[in-house]
Amino acid sequence: MAQIVFQGASALALDAKGRLAVPARHREVLAALAQGQLTLTKHPDGCLLMFPRPGWEGFRDKVTALPMSVAGWKRVFLGYAMDVEIDSASRVLISPELRAAAGLVKDVVLLGMGSYFELWDRERYAAHEAEVMQQGLPEALRDFSF
């Protein structure tokens, strides 16, 4: 089976209850890959990670195997992890704790990042991207051909 790759940006809005409509282009794949089951958690950059459940299980196993010297990061990733399901209206409920952690109020950006997604507050992401672009290309990308 070919590797599933999530890519692209979607500008979305949370509804009044904190629900996010999953973009149509990802619904079928998420239904087939994870039966609509997802896991969300905090990301160190101030956004949320959103994994299809099988992808989360692999990530979780890597995190639990980390040494005690990074126990604080284990708490960030595992302590905030929330299992969710895509509902009949193709929405995912983002918990109040996770919305607060990532500063999500209404306007958000969902970024496909290969095997997972990042969910950002739209303004926070614009500021983050501007900062990244201002830094210029890192050494690892200097010889990368476009």
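Refer to the structure above for everything that follows.
One numbering rule holds for all chains: residues counted from 1, following each sequence as written. Selection of residues for local features in this predicted model requires a pLDDT of at least 70, selection of side-chain atom pairs for listing and counting requires 80 or more, and totals for whole chains, interfaces and linings are taken over all residues. With hydrogens and water excluded, all non-hydrogen atoms of the structure serve as input to the side-chain values.

Trainee: Looking at this structure, I do not really get the pattern of salt bridges. What am I missing?
Mentor: Salt bridge criterion: a side-chain nitrogen from Lys or Arg within 4 Å of a carboxyl oxygen from Asp or Glu. Inspection of the entire model under this criterion finds five salt bridges. The partner of Arg60 in a salt bridge is Asp61, and the shortest N-O contact between them spans 3.7 Å. Three labels apply to residues, based on accessible area from a 1.4 Å probe with only protein chains included: buried if under 20% of the type maximum, exposed if over 50%, partly exposed otherwise in between. The class for Arg60 is partly exposed, based on a relative accessible area of 31%. Assessed through its relative accessible area of 45%, Asp61 is described here as partly exposed. When the shortest N-O distance is used, the salt bridge between Arg91 and Asp87 registers 3.0 Å. Under the relative-accessibility criterion, Arg91 is labelled partly exposed at 24%. We classify Asp87 as partly exposed; its relative accessible area is 28%.

Trainee: Whenever I open this one, helix H1 (residues 24–34) confuses me. Can you help?
Mentor: Residues that lie three or four places apart on an α-helix share one face, since the helix turns once every 3.6 residues. The helix count covers DSSP runs of H or I at least four residues long, the strand count covers runs of E at least two residues long, and both are numbered beginning at the N terminus. Here H1 has its buried residues at His26, Leu30 and Ala34. For H1, the buried positions fall inside an angular range of 35° around the axis, keeping them on one side. The outward face of H1, more than 90 degrees from its buried face, is lined by the exposed residues Ala24, Glu28 and Ala32. As for H1, its buried residues are in contact with strand S1 (6–13), strand S3 (37–42), strand S4 (48–52), helix H2 (53–64) and strand S8 (117–121). Remark: Gln35 follows H1 within two positions and exhibits a positive phi of approximately 50°. The arc in question is formed by the directions pointing from the helix axis toward the C-beta atoms. Contacts are assigned to residue pairs that have any heavy atoms within 4.5 Å of one another.

Trainee: Which parts of the structure should I look at to understand the nonpolar core?
Mentor: Soluble globular proteins: nonpolar side chains tend toward being buried together. Take the buried residues of types Ala, Val, Leu, Ile, Met, Phe, Trp, Tyr and Cys, join any two whose side-chain atoms come within 4.5 Å, and each joined set is a nonpolar core. In this structure, Val92, Ile94, Leu104 and Leu119 are the most contacted members of the largest nonpolar core, which totals 21 residues. Those elements that place two or more of their residues in this core are S1, S3, S4, helix H4 (96–102), strand S7 (107–114) and S8. Residue contacts for Leu119: discarding those within four places in its chain leaves Leu20, Cys47, Leu48, Ile94, Leu104, Val108, Val109 and Leu110.

Trainee: So what exactly am I meant to see when it comes to unusual backbone geometry here?
Mentor: Unlike most non-glycine residues, Gln35 shows phi in positive territory, near 50°. On the secondary structure map, Gln35 appears in the loop between H1 and S3.

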